[in-house]
Amino acid sequence: MILQWIKIGLMTLALGGVLAGAGGAEPLEPVSLNRYHLDTSRGTVGVEETRTDTLQTSVRRRSYTIYNGDAVIFGSAKARTGLDETCVAELEIPAATGTLRWYDAAKSSWESCDIETTTVEAGCVVIATRGGDALLYTPKVYEPMGSGTLRREPEIAGSVRLLVEDGKCRVQLWCARIPKGHQAEFAVVQSAGELANWRAPSVREAWASCTMDNDRLWCYDGCYHPSPSNYIPTGENCYYRVPAAYFTRLVADNAPDIRAAEDLTVAMLDVICKQQNEAGFFPTLPTSEWLQEDYGLGGGFYDTRFNSDLAEIFSGVAGWLECPSFYNAMNRYFDYYQGFASACRTPTENGVFVWDYYAPGGGSMTHTSLNHQVAELLALCHWAEHSGRDELQTLADRMIRAVEDTVERWICDDGNLHYAVYPGDSYGGQDYPYLTYNDLYDLRAYLQSQDRDTSRIQLLMDAKLRWMQANGVTNHK
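Source: prediction; values computed, not measured. (Residues numbered from 1 in each chain as written. Predicted model: local features only at pLDDT ≥ 70, side-chain atom pairs only at ≥ 80, totals over all residues. Heavy atoms only, no water.)

**A look at the pattern of salt bridges**
In step 1: Per the stated rule, a full pass over the model turns up 26 salt bridges.
In step 2: Note that glutamate 90 and arginine 170 form a salt bridge whose closest N and O atoms lie 4.0 Å from each other. On the criterion of sequence distance, the pair formed by glutamate 90 in strand β7 (residues 86-93) and arginine 170 in strand β15 (residues 168-175) is long-range, its members being 80 residues apart.
In step 3: Residue arginine 170 is classed as partly exposed on the basis of its relative accessible area of 23%.
In step 4: Each of the salt bridges in this network shares a partner with another, and the network as a whole consists of Glu49, Arg62, Asp270 and Lys274. (Salt bridge = Lys/Arg side-chain N within 4 Å of Asp/Glu carboxyl O. Helix = DSSP H or I, 4+ residues; strand = E, 2+ residues; numbered from the N terminus. Buried < 20%, exposed > 50% of the residue type's maximum accessible area, 1.4 Å probe, protein only.)

Following this line, the structure appears as structure tokens:
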């Protein structure tokens, strides 16, 4: 067994090579790849990236020391040879009494018991003691497929083992096995204090969506989502790194009220900033057969909706945390967006539609879908508020006018809305059941907050609402 002990607050985290058991081997020193800090309005965040290589494994780790004294660890253990049941990380908590909680995905409920020597097979585990809290995401095993895509091995389970002795609780993260060339991804949040009031039903209910027991996942390098069937690569249990960062949004929605969410949000946004390319956008790495066939766009393409959804996460966080690194990343993005909107647009009488997609390798003019247009202009409005960049608001207003100019053309004979306006000024395509309505709902709310006219937007909403009611669509705003 190879151990690496790293002192963090009142707890000790064992990483390094993959662990085969407990005790008996000398620590193996990790290689520091990068060390830096993030300045924020709440204090400094220390960051270190390390790698530890053995004959059997290569373990990467990102360690965050949050300004409140908490720690976040993102780990990825890649097997050079096939490994049987393996321990990938270990904590020691200086207390032997408290509560063990875990989310039972089959029952859709939180289970709990007093801390004791036991094993729990679950994706998300919480340990709360007087000596501190730990939030554990147990290992999930993936096979790298290239182009920002991983294939998950859902039958390989992760678990947590508790060993209580001598007034202390040793906590181990185990993986049933790691096939050769696969990687086990895990995460740990730890605090000398309370990460959340886990006793409160409202907190447990909120965190039920953040357990990674669904298809919104976090890995070492970002958020992953099920690969569409027309992406390359794709296949059963394949997930691609999605710029929209769905899991991060779920977590960030609970911050800063829940301390664990605050810790994770800061660390995840730092990882996501690394995905920004030199041009300034956050690329979708797989190839979309649809975009390739219709417009000649290859992999690494720019998706305006995904990037706008991501920008909204940064805007939301900016309401409670100022961080120059995050601020600069978003300003770079909106610099890019302004140039893109200037070059890739379709004018209307009083406004402008911005195309949905672009790829650096070339391609033809694409369509503008209504949901993309509205999501983009709202992202512009919200970042303009935080940054004071009036030119972003000016662009957003032009995009609003484009929608208002064309209201009647968006409404289908059956009351539904067309999906997009295509090259050649034709409207068509099958709209989403409720996504576009929700976007229009948010746009109306924004306009109302600014005491602006909403009558034209209301016409679109009324038509879509009647269609949803007639077709049994209920999960809308």
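From this point, the discussion proceeds with the structure in view.
**What to know about the sheet that holds strand β26 (residues 368-369)**
In step 1: If you walk across this open sheet you meet the 3 strands as β26-β27-β28, and the pairing is antiparallel. Across the chains shown, the open sheet's two edge strands, defined by having one partner strand only, are β26 and β28 (426-430).
In step 2: The pairing of strand β27 (residues 418-422) with β28 spans 4 bridges and is classified as antiparallel. Among the inter-strand pairings, tyrosine 422 is bridged to a residue of β28, identified as serine 426. (Pairing = 2+ DSSP bridges.)

**Side note on the packing of aromatic side chains**
In step 1: Summed over the entire model, instances satisfying the criterion amount to 26 aromatic pairs.
In step 2: Centre to centre, the rings of tryptophan 290 and tyrosine 357 are 5.7 Å apart; their planes meet at 85°, and the pair counts as edge-to-face. On the criterion of sequence distance, the pair formed by tryptophan 290 in helix α4 (residues 289-295) and tyrosine 357 in strand β25 (residues 357-358) is long-range, its members being 67 residues apart.
In step 3: Geometrically, the ring pair formed by phenylalanine 334 and tryptophan 383 is stacked, given 6.3 Å between the ring centres and 15° between the ring planes. Residue phenylalanine 334 is found in helix α6 (residues 324-343), and its partner tryptophan 383 is found in helix α7 (residues 370-387); the two are separated by 49 residues along the sequence. Across the pair, tryptophan 383 and phenylalanine 334 agree in class, each one buried.
In step 4: An aromatic cluster is built from Phe281, Tyr302, Tyr327, Tyr333, Phe334, Tyr336, Tyr337, Phe340, Tyr358 and Trp383, whose rings are joined through pairwise contacts.
In step 5: Lying across the ring of tyrosine 220, arginine 62 places its NZ or CZ 4.3 Å from the centre.
In step 6: Across the ring face of tryptophan 174, the terminal group of arginine 161 is positioned such that the distance to the ring centre comes to 3.8 Å. (Phe/Tyr/Trp six-rings, centres within 6.5 Å; stacked < 30°, edge-to-face > 60°. Lys NZ or Arg CZ within 6 Å of the ring centre and 35° of its normal.)

**Focus: the environment of threonine 44**
In step 1: Within the secondary structure, threonine 44 is located in strand β4 (residues 43-53).
In step 2: When the C-alpha positions of threonine 44 and cysteine 323 are compared, they lie 9.6 Å apart, and in sequence the two are 279 residues distant.
In step 3: In contact with threonine 44, not counting residues within four places along its chain, are His37, Leu38, Asp39, Thr65, Ile66 and Tyr67. (Contact = heavy atoms within 4.5 Å.)

**Some thoughts on the confidence of the model for the protein**
In step 1: Taken residue by residue, the protein gives an average pLDDT of 93. The fraction at 70 or more is 94%.
In step 2: Across residues 1-27, confidence stays below pLDDT 50; counting only partners more than four residues off in sequence or on other chains, it has 98 contacts. (pLDDT = per-residue confidence, 0-100.)

**Here's the deal with the pairing of β27**
In step 1: With 4 of its 5 residues buried, β27 lies for the most part within the structure.
In step 2: Looking at chain direction, β26 and β27 are connected through 2 bridges and run antiparallel. Considered in β27, the bridge of threonine 368 is made with valine 421.
In step 3: Where β27 folds back onto β28 in an antiparallel hairpin, the turn is made up of 3 residues, including glycine 424, whose phi is positive at roughly 95°.

**With respect to unusual backbone geometry**
In step 1: Of note, the bond from isoleucine 232 into proline 233 is cis; its omega dihedral lies within 30 degrees of zero at 0°.
In step 2: Along the chain, the position of proline 233 falls in the loop between β19 (231-232) and β20 (238-241).
In step 3: The linkage connecting alanine 255 with the following residue, proline 256, adopts the cis geometry, with an omega of 0°.
In step 4: Residue placement: proline 256 occurs in the loop between α2 (246-252) and α3 (259-273).
In step 5: Even without glycine at this site, aspartate 166 takes up a positive phi of about 55°.

**Observations regarding the side chain of serine 76**
In step 1: Within the secondary structure, serine 76 is located in strand β6 (residues 71-79).
In step 2: Taking the relative accessible area as the measure of exposure, serine 76 reaches 1% and is therefore buried.
In step 3: Of the polar contacts made by the side chain of serine 76, one reaches the side chain of glutamate 185; its length is 2.8 Å.
In step 4: Dropping the residues within four chain positions of it, serine 76 is found in contact with Ser58, Val59, Arg60, Gln183, Ala184, Glu185, Phe186 and Tyr220. (Polar contact = N/O pair within 3.5 Å; in protein donor to acceptor, adjacent residues only side chain to side chain.)

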